[in-house]
Amino acid sequence: MPDEAGLRLRRVSHRYGPIQALEDVSLTLPAGQMVGLIGPDGVGKSTLLGLIAGVRKIQHGYVAVLGGDMADPAHRATAYPRIAYMPQGLGRNLYPTLSVRENVDFFGRLFGQGARERAGRIAELLDSTGLGPFAERPAGKLSGGMKQKLSLCCALIHDPDLLILDEPTTGVDPLSRRQFWELIARIRTRRPGMTVITATAYMSEAEGFDHLVAMDAGRVLATGTPGELKSRTGCATLEDAFVALLPREKRAGHRKVVLPPRDRTDRAIAIEADGLTMRFGDFTAVDHVSFRIERGEIFGFLGSNGCGKTTTMKMLTGLLTPSEGHAHLFGQEVDTADLTIRGRVGYMSQSFSLYSELSVRQNLSLHAQLFQLSPARQRARVAELLERFDLADVASARPESLPLGLRQRLQLAVAVLHEPEMLILDEPTSGVDPVARDAFWELLIALSRQDGVTIFISTHFMNEAARCDRISFMHAGRVLAVGTPQELCDMRGAGTLEDAFIAYLEDAGGQEDTGTPSPPQGVVPGASGWLSPRRIWAFARREAVELLRDRIRLAFALLGPMVLMLAVGFGISFDVKNLTYAALDQDQSAESRAFLRQLSSSTYFAEKPPMENLAAIDRRLRAGDITLAVVIAPGFGHDLLSGERPEVAAWLDGSNTVRAETARGYVEAAFLSYLAELSRGESGTTPVLSSARVVPRFRYNQSFESAYAIPPGVLMMMLIMIPTMLTALGIVREKEMGSITNLYAAPVRKLEFLLGKQAPYILLAMVSFVLLLAMLLEVFGLRIQGSLGALVGGAVLYVTAATGFGLVISSFVRSQIAAIFASSIIVMIPTVNFSGMLYPVSTLDRGTRLIGEAFPPLYFQRISTGVFNKGLPFEALYPNHLALAGFCVLFWVLAVVLLKKQEA
Amino acid sequence: MRALGNIFRLGVKELYSLARDPVLMGLILYTFTFAVFTVANGVRTEVRNAAVAIVDEDRSGISSRIIGALLPPYFKPPRVISSQEMNPAMDRGDYSFVLTIPSGFQRDLLAGKQPEIQLNVDATAMTLAGNGTRYIQRIVQTELERFVAEDGRQSVLPAEIVSRARFNPNLESKWFLAVMQVTGNITILSVILSGAAVIREREHGTIEHLLVMPLRPIEIMLAKIWANGLVIVSAAVLSLVLVVRGVLGIPVPGSVAVFAMGAGVYLFAVTSLGIMLATFARTMPQFGLLAIPVFVVLYMLSGGMTPLEAMPEPLHTGMQFSPATHFTSFAQAVLYRGAGLDLVWRDLLAVAAIGAVFCALALYRFRRTMSVG
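The rules we used
Residues numbered from 1 in each chain as written. Chains lettered and ligands numbered in written order. Predicted model: local features only at pLDDT ≥ 70, side-chain atom pairs only at ≥ 80, totals over all residues. Helix = DSSP H or I, 4+ residues; strand = E, 2+ residues; numbered from the N terminus. Buried ≥ 20, exposed ≤ 12 C-beta atoms within 10 Å, placed from the backbone. Contact = placed C-beta atoms within 7 Å. Rg over C-alpha atoms; globule rule 2.2 N^0.38 Å. UniProt positions renumbered as here; feature names shortened; annotations may be inferred. Pairing = 2+ DSSP bridges. Nonpolar A, V, L, I, M, F, W, Y, C, P; charged D, E, K, R; others polar. pLDDT = per-residue confidence, 0-100. Core = buried A, V, L, I, M, F, W, Y, C linked by C-beta atoms within 7 Å. Axes fitted to C-alpha atoms, helices over the stretch in contact; angles between N-to-C directions. Parallel < 35°, antiparallel > 145°, perpendicular 65-115°, else oblique. Left-handed = near helix turned anticlockwise from the far one by under 90°. Domains from an automatic or database assignment. Expected span 1.5 Å × (residues − 1). Bend = angle between axes of the 7 residues up to and from the residue.

**Considerations on the overall build of chain A**
Right, on to step 1. Looking only at helices and strands, chain A features 35 helices and 25 strands.
Right, on to step 2. Principal-axis analysis of the C-alpha atoms places the extent of chain A at approximately 125 × 70 × 50 Å.
Right, on to step 3. Taken over 904 residues, chain A has a buried fraction of 52%.
Right, on to step 4. For chain A, the share of sequence-separated contacts (at least 6 apart) that also reach a separation of at least 24 residues comes to 75%.

Structure below.
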């Protein structure tokens, strides 16, 4: 039996396709301590944490957490409520449109807390993290540090025994970082038994941990206290100790980065910002920022996330047009339309923005081509860069399979490819490990000192900032101070740059004070019971709030069907009018003219200029000028009167068969009534043209108008297409954005998650149903002739099945594009063609009919026409309701099977 | 020249992206093969396999001859039912037509009393109801004429109208539907593919990267248009040759080359439309919802399903601004009627003009919306 609160891993291996992420890791970690995982990117830290948290599926080996095997679903179910997991990335598991309070509230609901318990806990948590004053602000508008604090609140709401933090402070400014760790320390004094496992890229943070695990290339290099690791390697700092622990070949070439002094003879101004201001609505992102950067200078930009660094850089590159102020590059005003200046600037955005579907070499070549390098120069330059940035080994690999550090190197290679005179780099080293960062800086320094390239760079690392010629501190859209690192330290009398920065930030007063963390309370219930309405409600409520905040989506979802009801309901019509025709009257008798008059006076036909000869028939039909050509041969009048039964020829344009069939029916009918007229004129009595009559009686639509028959079908179409599209993106979007982790890490059943996600959309679809119903009654003049209950009940089942189908698509596909494609094409074609809306199901051939029967629209079409046209009661329609209910169940089962509760 | 080079290279990049997305390629393949085949082969707008029942209260020689005249493939073998069964059976949709032959029909017929046969039609299925009624009337009428003629009396019609169809002699709807499916699918695919490609570039941040390079927005857009257009036009032409002509065995008399050229012009218009829609949506879910009404209208109301002339006047006028309307008319003329460019240039010009407007609007919106955020 493993230690109840401790952790044990035995021979754990994990691979993603060809990449070995973890290799034979065995590890025992003590309970109740601060444990740190340190190591470069892509060495398997996140994978290891994911396995411990139970959000990743264990491939090989044994993982024991909280006294049980994490491969055992039963143990996981009891363990989830005791574990809290904060994934990598700023606020990745948060919901950006929800407010701070709503985010925490959602997690409380997930863990089944009652309203009073939740309210108390939220108040305490927000108070203790200093988020109280921002409780109503949407999470997406918080700074990086605040997002991480909010994530922590969400993690702590259920009093976990094991807190797992994956690089919680990457990309967070120094002050927020310091406050974050102080917060964790205070929480630990309140809950001494809690184990905290953290992966971090900051060695200075790792110094404060109780126990460290150093990792490289999927293996554990060493474990021990920070002191032990340092004494073992004989190094003064942990950063040096880690480098010393690395295998020899990785250490090779690593040396301390030094910044040679700059040749200051050239003092030309490369970048000048003058009162730059950017407003988004009533929010001022950048507030009158001014600075000047000299040619060849390395200028650092420091500040928290969301303080306006990125916005400032975008204004300099011309990506954004400033609301106020001016930016000059090389003395020229930045002009978005001027392409020549772009050739002199290299830009690297914060997130990876190259094509993941092209190989490393293809990405470089594409950019070389786009920058108009000559073909020979392209080849030379690409080869040179592959060499210089050490990318030759991975030249044919695709970026998505590379570790972050390598991807950043590729981005930098692309940025310098055209040998620009200036580089604008937005957090180029965020998430890159120390060794790779140093290599990166050596490149930058060489560019600056040897080639005289001006470098404007933003960073969160203080040791990087210290290497800049000058730096500026930025906060809340304003520049607090500019100067050399030494000047800034001196000005505040601070020993380190970090202290100086924090002093400036504290003066600016933007950072919130922290309070006292909450004491532990009560015991948290586990994932007991079969289906918890509370947890379903938690998901449904969150989804509904998000939907209500997205006004555009809501409007599209409700207005789209109404517009389509009008267009398709009136537009799809088989009541053909104005059929174009031309005549060739070779007889020119009174009889022939009488027949042609019959045609031209009918509203079904529209006359075109007559044809002059037989050759014209084909020509006019081919040109699409006419649908029908009527030819009356010489002698028609004579033969008619002499009882020789002459023939009239009608030529139809068969390219549109629907129209041709209709035209044939109409022209034959017109001819018959002409004959009747004729003989009445002669004899004065209605003639006997046939021996008996077949009298049609059009049932369910007496006037035989498309405007009655088609709209019930449009209702059927709209209630499947829109709801499917609504839910089809739901899950796959969470996969792309990262919040799907909450499903993986929480004590939730898949069906609870699915039902919760589905419920708001069922409701929205029913609102749409009511609106469409009102249109059918008011605009199209339809009446509910059958059972209203059957219609409403059918609609509920039908939209449930439709949203369920969307969930199936969403669980299955991996990208949003694929989801859009699947939900439009797979749904549209059978819905329009095989449901009985346009063509009766009884005439479909057998295979096609089976396709139609395997999909819900056919059944709702029967209900819809049954109620609107046929006046049927529920007793005559219920088999369709049963079928729809069957689809609901089928789609739930499929979605549950396809949805993964753990990552691979 | 420089711009053309950029457009070409960016387009090649676009082709790589498509080739690396197996789900998308699979869906394109499905759309132009299986989807075309099932609709063309499975759906009939002409009378075929119609379900008929007869309430025979006469049980005479003529009534059994009428039953015997309703033949496959137009009709399923008719079922004889009682008059009580008729209503529930029609409510369930078991039969589209029920003929009621009253008792004493043969006697009255021969006595020249002009008796009536009642034909109950399920009018909820408009196409079948209209055409089927005329078919049944004609078949029954012919059968009666023969019966009466055998009895020694002359036919009473003094003249006849003989109708023949050009370009599709048997008016087989399969011919019509197959090609209309191809053109309809071109529409759906282009709108979604080009629009989603723009949203994806924005969501992945790659568009920002392009915008800081010496490239103009129009170059980025035109690259997307030609690359996506090329893929879809090729798929459509292959579908026409292999699936429509090959598997379905439909003789398409017109020139595939002229069609391909027209499809190219059309693609320019619809991909521009897709890009324009993408500039109105911030996220993929919004784009999905916005795209539905657009492609449904283009797919259903451009004359490929029901004739344009049948629409109410305002809608008819409105659809003149849809490129799909002109392209459908172009495709019908070229492919079925074998019309050459001399006959269809007006439609092509209209498509190109509408496309140019979409393209200009898309460019305007693209410039305004892409750089922010």
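**A word on the overall build of chain B**
Right, on to step 1. A tally of regular secondary structure across chain B gives 15 helices and 5 strands.
Right, on to step 2. Over its C-alpha atoms chain B spans a radius of gyration of 27 Å, topping by over 25% the 21 Å that the globule rule assigns to 373 residues.
Right, on to step 3. Principal-axis analysis of the C-alpha atoms places the extent of chain B at approximately 90 × 45 × 40 Å.
Right, on to step 4. A separation threshold of at least 6 residues defines the contact pool for chain B, and within that pool the share at least 24 residues apart is 80%.

**Some remarks on the UniProt feature "domain: ABC transporter" (unreviewed entry) in chain A**
Right, on to step 1. As annotated in UniProt, the feature "domain: ABC transporter" (unreviewed entry) corresponds to residues 7-242 and 271-501 of chain A in the numbering used here.
Right, on to step 2. Helix makes up 38% of residues 7-242 of chain A and strand 26%. Its end C-alpha atoms lie 24 Å apart.

**Notes on the sheet that holds strand 1 (residues 52-56) of chain B**
Right, on to step 1. If you walk across this open sheet you meet the 5 strands as 25(A)-4(B)-3(B)-1(B)-2(B), and the pairing is mixed. Taken across any chain shown, the strands that pair with only one partner, and hence form the sheet edges, are strand 25 (693-699) of chain A together with strand 2 (79-80) of chain B.
Right, on to step 2. Bridge count between strand 3 (residues 97-101) of chain B and strand 4 (residues 116-122) of chain B: 4 bridges; the pairing is antiparallel. Following the sheet pairing, Val98 of chain B is matched in strand 4 of chain B by Asn120 of chain B.

**Notes on the interface of chain B and chain A**
Interface size is commonly expressed as the accessible surface area that is lost when the partners come together.
Right, on to step 1. Contacts between the two partners involve 116 residues from chain B, matched on the other side by 120 residues from chain A.
Right, on to step 2. Here the side of chain B that touches chain A gets 14 residues from one element, more than from any other, and that element is helix 7 (residues 126-150) of chain B.
Right, on to step 3. Residues that form the side of chain B that touches chain A fall into these classes: 64 nonpolar, 33 polar and 19 charged.
Right, on to step 4. In terms of strand pairing, strand 25 of chain A meets strand 4 of chain B through 7 bridges, oriented parallel.

**Description of the confidence of the model for chain B**
Segments scoring low in pLDDT should not have their predicted coordinates read at a detailed level.
Right, on to step 1. The pLDDT averaged across chain B works out to 86; a share of 97% of its residues lies at or above 70.
Right, on to step 2. Confidence metrics for the complex model read pTM 0.85 and ipTM 0.89.

**Quick notes on the UniProt feature "transmembrane region" (unreviewed entry) in chain B**
All names here are of chain B.
Right, on to step 1. Summarizing the sequence annotation, UniProt attributes the feature "transmembrane region" (unreviewed entry) to residues 175-199, 220-244, 256-280, 287-305 and 343-364 in the numbering used throughout.
Right, on to step 2. Secondary structure content for residues 220-244 is 100% helix and 0% strand, and the end C-alpha separation is 35 Å.
Right, on to step 3. The distance from the first to the last C-alpha atom of residues 343-364 is 34 Å, and the span holds 100% helix and 0% strand.

**Let's talk about the nonpolar core**
In summary, soluble globular proteins display a tendency toward joint burial of nonpolar side chains.
Right, on to step 1. Ile164 and Leu719 of chain A are the most contacted members of the largest nonpolar core, which totals 415 residues.
Right, on to step 2. If you tally residues by element for this core, the top one is helix 8 (residues 173-203) of chain B, at 17 residues.
Right, on to step 3. In contact with Leu719 of chain A, other than residues within four places in its own chain, are Ala765, Phe769, Ala795, Tyr798, Val799, Ala802 and Phe860 of chain A.

**Section: the UniProt feature "transmembrane region" (unreviewed entry) in chain A**
Right, on to step 1. UniProt records the feature "transmembrane region" (unreviewed entry) at residues 554-574, 708-732, 759-782, 788-810, 817-839 and 881-899 of chain A, using the numbering of this structure.
Right, on to step 2. Here residues 817-839 of chain A is 74% helix and 0% strand, with 31 Å between the C-alpha atoms at its ends.

**Focus on the sheet that holds strand 4 (residues 60-65) of chain A**
Right, on to step 1. Strand order in the open sheet made by the 4 strands is 2-1-4-5 (chain A), with antiparallel pairing throughout. At either margin of the open sheet sits one strand with a lone partner, and together these are strand 2 (19-29) and strand 5 (68-69) of chain A.

**Structural notes on the packing of helix 27 (residues 711-728) of chain A against helix 12 (residues 284-300) of chain B**
Right, on to step 1. Put simply, helix 27 of chain A and helix 12 of chain B touch, their axes get as near as 9 Å, and they point 160 degrees apart. The angle between helix 27 of chain A and helix 12 of chain B places the two elements in the roughly antiparallel class. Crossing handedness for the pair helix 27 of chain A and helix 12 of chain B: right-handed. Taken together, the residues of helix 12 of chain B that come into contact with helix 27 of chain A (itself represented by Met721, Ile722 and Met725 of chain A) are Gly288, Leu289 and Ile292 of chain B.
Right, on to step 2. Class assignment for the residues of the contact of helix 27 of chain A with helix 12 of chain B results in 5 nonpolar, 1 polar and no charged.

**Description of unusual backbone geometry**
Excluding glycine, residues mostly carry a negative phi; peptide bonds, for their part, are mostly trans.
Right, on to step 1. In the segment running from Pro72 of chain B into Pro73 of chain B, the intervening peptide bond is cis, with an omega of 5 degrees.
Right, on to step 2. One non-glycine residue, Glu419 of chain A, lies in positive phi territory at about 50 degrees.
Right, on to step 3. Position of Glu419 of chain A relative to the elements: it lies in the loop between helix 15 (404-416) and strand 17 (422-426).
Right, on to step 4. The partly exposed category is assigned to Glu419 of chain A, around which 14 C-beta atoms lie within 10 Å.
Right, on to step 5. The phi dihedral of Arg59 of chain B falls on the positive side, at around 50 degrees, and the residue is not glycine.
Right, on to step 6. Summarising the element assignment, Arg59 of chain B is placed in the loop between strand 1 and helix 4 (61-69).
Right, on to step 7. By C-beta crowding, Arg59 of chain B is classed as exposed, having 12 other C-beta atoms within 10 Å.

**Let's talk about the pairing of strand 9 (residues 211-216) of chain A**
All names here are of chain A.
Right, on to step 1. Judged by how many residues are buried, strand 9 sits mostly within the fold: 5 of 6 residues are covered.
Right, on to step 2. Of the strand pairs in this sheet, strand 3 (residues 34-38) and strand 9 are connected by 4 bridges, and their pairing is parallel. Counterpart to Leu37 in the pairing with strand 9 is Val213.
Right, on to step 3. Sheet topology note: the strand 9/strand 10 (residues 219-224) ladder contains 5 bridges and is antiparallel. If you follow Val213 over to strand 10, its bridge partner there is Thr223.
Right, on to step 4. Linking two consecutive strands that pair antiparallel, namely strand 9 and strand 10, is a turn of 2 residues; a positive phi of about 50 degrees is found at Ala217 within it.

**Quick word on the domain arrangement of chain A**
Right, on to step 1. If you check the domain split of chain A, you get domain 1 (7-90 + 161-251), domain 2 (269-484), domain 3 (579-683) and domain 4 (711-898).
Right, on to step 2. Here domain 2 of chain A and domain 4 of chain A have C-alpha centroids that lie 49 Å from each other.

**A look at the environment of Ser234 of chain B**
All names here are of chain B.
Right, on to step 1. Structurally, Ser234 can be placed in helix 10 (residues 217-247).
Right, on to step 2. Using a count of 13 C-beta atoms within 10 Å as the deciding quantity, one classes Ser234 as partly exposed.
Right, on to step 3. Spatially, the C-alpha atom of Ser234 lies 27 Å from that of Thr279, the residues being 45 residues apart in sequence.

**Thoughts on helix 30 (residues 750-778) of chain A**
Right, on to step 1. If you check helix 30 of chain A, its first and last C-alpha atoms are 42 Å apart, about what 29 residues at 1.5 Å a residue would give, namely 42 Å.
Right, on to step 2. Along helix 30 of chain A, the largest kink reaches about 25 degrees and is centred on Ala759 of chain A; proline Pro760 of chain A follows within four residues of it.

**Quick look at the pairing of strand 19 (residues 470-475) of chain A**
Residues and elements named next belong to chain A.
Right, on to step 1. Buried residues dominate strand 19, accounting for 5 of its 6 residues.
Right, on to step 2. Relative to strand 19, strand 13 (residues 298-303) runs parallel, the two sharing 5 bridges. Bridge pairing in strand 19 links Phe299 to Arg470.
Right, on to step 3. The sheet contact formed by strand 19 and strand 20 (residues 478-483) spans 5 bridges and is antiparallel. Looking across to strand 20, one finds that His475 is bridged to Arg478.

**Quick word on the confidence of the model for chain A**
Right, on to step 1. Across chain A, pLDDT averages 85, with 94% of residues at or above 70.
Right, on to step 2. The low-confidence segment residues 511-527 of chain A, where pLDDT is below 50, has 43 contacts with residues more than four positions distant or belonging to other chains.

**Re the domain arrangement of chain B**
Right, on to step 1. Entries for chain B in the domain assignment read domain 1 (2-43 + 172-370) and domain 2 (52-150).
Right, on to step 2. If you average the C-alpha positions of domain 1 of chain B and of domain 2 of chain B, the two centres end up 46 Å apart.

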